[in-house]
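For reference, the chains in residue letters:
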Amino acid sequence: MKHYEFQYEIAVVGGGPAGLSAALAAARRGRKVVLLEKNGYLGGNATLGLPLLGFLDLDGRRVTGGLAQEYVRRLTARGQCFGHRTCPKHNSVTNIDPEGFKILAVEMCREAGIDVLLHLEACRVEVEKGEIRRIVLFGKGNEVVVRAKIYIDCTGDGDVAYLAGCDYESGQPDTGMLQPPTVMFTLENVDTGRLFDYIEEHPEEMTYSATIDHRPGYDADYFRASPNHVFVGLRQTFARLREQGECPVDRETLIYIKSPKPGEVFVNSTRLLNTDATDIIGLTRAEMEGQLQAAKLADMLRKHVPGFEKCFISSIAPTLGVRETRRFRGIRRLEQDMLLEGRVPEDTIALGAYKIDIHSGRDRTTVFKTVKEPYGIPYGCLVSAQIRNLMFAGRCASMDAASLASARVMPQCMCMGEAAGTAAELALRTPNNLVTGDAQRVVEYPLCVLSWMAFSDETRRRICLSVWFKHP
């Protein structure tokens with residue numbers, strides 16, 4: 001077995017939207033940073049074909065800036081993103097080219113001088129006196145030991161925090177059920193114009209269950225007006241085909257994301273019920289079942305849906321799109337009341353505005369609840385309450401199940417990552433490099449200057465907490 005040992009100031013584990021942003025934020029501020037990723041590419045869920053949801057609030061105001069906006073700007077300049085568009089159902093959609101994001105992620109890491117190691121997963125975390133001393137990772141017969149002053153867990157599942165023995169919660173509070181993951185896949189040769197003609201003639205296809213909020217105007221004219229859209233519909237077709245035994249997925253509707261490329265759509269309609277994506281047996285079953293569902297669903301669309309008659313699968317996403325697993329205990333916790341009341345605490349490091357979007361883990365239903373005003377994600381949600389040199393960003397951060405259902409979208413994960421990377425860099429300037437203490441003492445640390453309320457607009461932009469201004 002090959003053995004490597006490395007020493008860094010900041011180690012970021014997980015190279016998805018949160019981890020990429022954390023590493024960039026710290027490295028651009030001059031720190032020696034390593035970014036460790038299990039896949040052979042960077043970008044995580046941003047490379048699966050999913051849209052960037054949550055840039056705009058209910059009134060069309062942009063609530064997300066910083067690195068998240070930089071990704072959009074750079075992709076748009078390359079023709080790989082349409083920018084932001086208001087949406088009657090999702091508040092806003094920002095569609096991107098997933099392969100373009102992979103390339104951009106590598107370019108930005110090299111520009112910032114970040115050391116990247118791929119094909120590695122954490123297998124052991126050594127904790128001594130309340131601090132992580134080192135993490136051990138494994139891949140391709142290589143053992144890699146990384147020592148750092150501060151660790152940021154952006155693995156989504158919180159693998160580092162879990163191996164360090166940190167407390168966590170998962171699932172819905174009443175049932176413990178996890179939201180189901182999805183295997184994304186790409187269809188080519190789709191004639192979306194024929195689909196829009198069909199739904200204009202059959203508006204009943206765009207009706208939804210009582211648990212799904214949306215505003216008027218989500219119709220054929222909306223979809224025709226711009227390729228920058230996410231389509232959720234065909235509820236009547238899915239119900240009819242399910243009764244006939246021809247619908248292979250536990251979904252009420254078709255969901256696709258329009259690609260920047262002509263005739264290409266990314267389909268988000270497989271559903272893997274009763275799946276815990278942190279269990280290797282369940283994860284294997286879900287990956288394989290999702291691939292089979294993709295093939296069956298493509299066949300169903302070809303046979304029964306106008307515009308899909310000549311479609312074919314060009315790719316199936318290499319990793320599962322996971323909505324929910326572990327959420328770890330921080331010194332603060334984002335909770336549903338904060339979202340519904342639009343609270344923006346003084347230690348806010350990012351704003352969120354996406355709807356509460358809970359997919360049932362045991363049947364085909366979805367709860368889609370409106371968030372009327374932007375809410376603040378507190379800094380303390382990113383700081384471990386148990387390990388002094390550990391932070392987390394993304395969907396493993398400290399929040400309840402309903403809050404996760406909103407804050408898990410990628411722009412907010414990017415903001416959490418950027419704030420964590422910025423905070424980690426600031427922590428290295430404090431005695432003992434501490435990023436936290438107990439909840440009572442943390443207010444004494446300089447890190448709490450990350451308060452969104454306390455900074456000028458220029459400083460907020462520089463460390464990207466979130467900038468809230470009118471969308472043009």
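Cut-offs used in this document
- Residues numbered from 1 in each chain as written.
- Predicted model: local features only at pLDDT ≥ 70, side-chain atom pairs only at ≥ 80, totals over all residues.
- Heavy atoms only, no water.
- Core = buried A, V, L, I, M, F, W, Y, C linked by side-chain atoms within 4.5 Å.
- Buried < 20%, exposed > 50% of the residue type's maximum accessible area, 1.4 Å probe, protein only.
- Helix = DSSP H or I, 4+ residues; strand = E, 2+ residues; numbered from the N terminus.
- Contact = heavy atoms within 4.5 Å.
- Expected span 1.5 Å × (residues − 1).
- Arc of directions from axis to C-beta.
- Pairing = 2+ DSSP bridges.
- pLDDT = per-residue confidence, 0-100.
- Phe/Tyr/Trp six-rings, centres within 6.5 Å; stacked < 30°, edge-to-face > 60°.

Residues Leu187, Phe308 and Met416 are the most contacted members of the largest nonpolar core, which totals 114 residues. Here this core gets ten residues from one element, more than from any other, and that element is helix α11 (residues 410-427). Setting aside residues no more than four positions away along its own chain, methionine 416 makes contact with Ile349, Ile377, Leu382, Ala393, Gly394, Ala397, Met399 and Ala407.

Our focus in this paragraph is helix α3 (residues 98-112). Residues spaced three or four apart along an α-helix point in a common direction, a consequence of the helix completing one turn every 3.6 residues. With 15 residues, α3 extends 21 Å from end C-alpha to end C-alpha; this agrees with the ideal 21 Å at 1.5 Å per step. For α3, the full list of buried residues reads Pro98, Gly100, Phe101, Leu104, Ala105, Met108, Cys109 and Ala112. The buried residues of α3 occupy an angular sector of 165° when projected down its axis, which confines them to one face. Once α3 ends, the next one or two residues include glycine 113, with phi positive near 75°.

Take unusual backbone geometry next. Positive phi outside glycine occurs at asparagine 91, with the angle close to 75°. Within the secondary structure, asparagine 91 sits in strand β5 (residues 91-93). Unusually for a residue other than glycine, histidine 119 sits at a positive phi of about 60°. Mapped onto the elements, histidine 119 comes out in the loop between β6 (115-117) and β7 (121-128). Overall, histidine 119 belongs to the partly exposed group, its relative accessible area being 44%.

The two faces of strand β12 (residues 230-233) match: Val230 and Val232 on one face and Phe231 and Gly233 on the other face are all buried. The pairing of β12 with strand β13 (residues 254-258) spans four bridges and is antiparallel. Among the inter-strand pairings, valine 232 is bridged to a residue of β13, identified as isoleucine 255.

This next bit is on the confidence of the model for the protein. Put simply, the protein has an average pLDDT of 90, and 91% of its residues get 70 or more. This model gives residues 436-472 a pLDDT under 50, and the stretch forms 95 contacts once residues within four places in sequence are excluded.

A word on the packing of aromatic side chains. Throughout the structure, instances matching the rule amount to 13 aromatic pairs. Both rings, one in phenylalanine 6 and one in tyrosine 8, keep their centres 6.4 Å apart while their planes meet at 45°; by these two values the pair is tilted. The exposure class of tyrosine 8 is buried, given its relative accessible area of 8%. With centroids separated by 5.4 Å and ring planes inclined at 45°, the aromatic side chains of tyrosine 168 and phenylalanine 328 adopt a geometry described as tilted. In this pair, tyrosine 168 sits in strand β10 (residues 168-169) while phenylalanine 328 sits in strand β16 (residues 327-328), placing the two residues 160 residues apart along the sequence. For tyrosine 168, a relative accessible area of 40% puts it in the partly exposed group. Assessed through its relative accessible area of 2%, phenylalanine 328 is described here as buried. Members of the aromatic cluster, connected to one another through ring pairs, are Phe196, Tyr218, Tyr222, Phe223, Phe231 and Tyr256.

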